[in-house]
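Each chain, written out:
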Amino acid sequence: MLVLRSVRWFVLSAIVLMLLGVPATAQKPVSPTGKVSVCKEIDDDWKCVGESAEWAANTNFNVLFVNSVPVGVDFIGIVIHKVGADGKDIDFINEYQQNIGEENRKYATVGDNFRLPSGTYSIYIITWGNRETMIHNGNFKEYLAKTILKVK
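Everything quoted here is computed from the prediction, not taken from an experiment.

It is worth spelling out the state of the cysteines at this point. Structurally, a disulfide amounts to a covalent bond that connects the sulfur atoms of two cysteines. All told, the structure shown has 1 disulfide when counted by the stated rule. What pairs with Cys39 in a disulfide is Cys48, and their sulfur atoms sit 1.8 Å apart. With the S-S dihedral at roughly -120°, the linkage between Cys39 and Cys48 falls on the left-handed side. An identical accessibility class is assigned to Cys39 and Cys48; each is buried.

Before going further, it helps to spend a moment on the packing of aromatic side chains. A complete count under the given rule lists 5 aromatic pairs for this structure. Here Phe61 and Phe114 contribute two aromatic rings whose centre-to-centre distance is 5.6 Å and whose plane-to-plane angle is 20°, an arrangement assigned as stacked. Pair noted here: Phe61 is in the loop between β4 (54-55) and β5 (62-67) and Phe114 is in the loop between β8 (106-108) and β9 (119-127), with a separation of 53 residues, a long-range link. The burial state of Phe61 is the same as that of Phe114; both residues are buried. Centroid distance Tyr124 to Tyr143: 5.5 Å. Interplanar angle 65°. Geometry classified as edge-to-face. You can see Tyr124 sitting in strand β9 and its partner Tyr143 sitting in the loop between β9 and β10 (145-151), a full 19 residues away along the chain. Neither Tyr124 nor Tyr143 differs from the other in exposure class; each is buried. Grouping aromatic residues by their ring pairs yields a cluster made of Trp55, Phe61, Tyr96 and Phe114.

A few words now on unusual backbone geometry. Although it is not a glycine, Trp46 sits at a positive phi angle of roughly 60°. Inspection of the secondary structure puts Trp46 in the loop between β2 (41-42) and β3 (48-49). By relative accessible area, Trp46 is classed as partly exposed at 37%. Non-glycine residue Asn139 carries a positive phi angle of around 50°.

A few words now on the pattern of salt bridges. According to the stated counting rule, one finds 2 salt bridges in the structure shown. Ionic pairing is found between Lys35 and Glu51, a salt bridge with its closest N-O pair at 3.4 Å. Of the two residues, Lys35 is situated in strand β1 (residues 34-39) and Glu51 in the loop between β3 and β4; the sequence distance between them amounts to 16 residues. Here Lys35 falls in the partly exposed class, since its relative accessible area comes to 48%.

Thresholds, definitions, all that
Residues numbered from 1 in each chain as written. Predicted model: local features only at pLDDT ≥ 70, side-chain atom pairs only at ≥ 80, totals over all residues. Heavy atoms only, no water. Disulfide = S-S within 2.5 Å. Buried < 20%, exposed > 50% of the residue type's maximum accessible area, 1.4 Å probe, protein only. Phe/Tyr/Trp six-rings, centres within 6.5 Å; stacked < 30°, edge-to-face > 60°. Helix = DSSP H or I, 4+ residues; strand = E, 2+ residues; numbered from the N terminus. Salt bridge = Lys/Arg side-chain N within 4 Å of Asp/Glu carboxyl O.

Remember, this is a structural readout, not a statement about activity or role.
Structure, rendered in structure tokens:
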């Protein structure tokens, strides 16, 4: 019975906060403070090996994110959108949640988990709380870092 009351109280509280316009998880506005690079690999000194803004189609790559200050959140997202002829994001490709830790400024993928077909892509590093959960429009206004990758 106590659990049921707690659940009801939690749901009611969430509804009231939502109606008042209070976000469930307060996120600070984020402006670009870092750099995201596409690399063949990342060495032990956080250096991007084989960095390029152009990549061969369907060839594996890794992502290196280096921020100028601690990110201030536990989770970041790597979000990829295809870019249209007008330079705007048109198609959502995928997103990856990564645990970075509030006090850290660097994150690197390992294991060549990324590959893309031919096209132009936006690769964003965002705070996970700022991700688009229902509709993926891209063209983020707030992000920690962004790069454009041309895949041929």
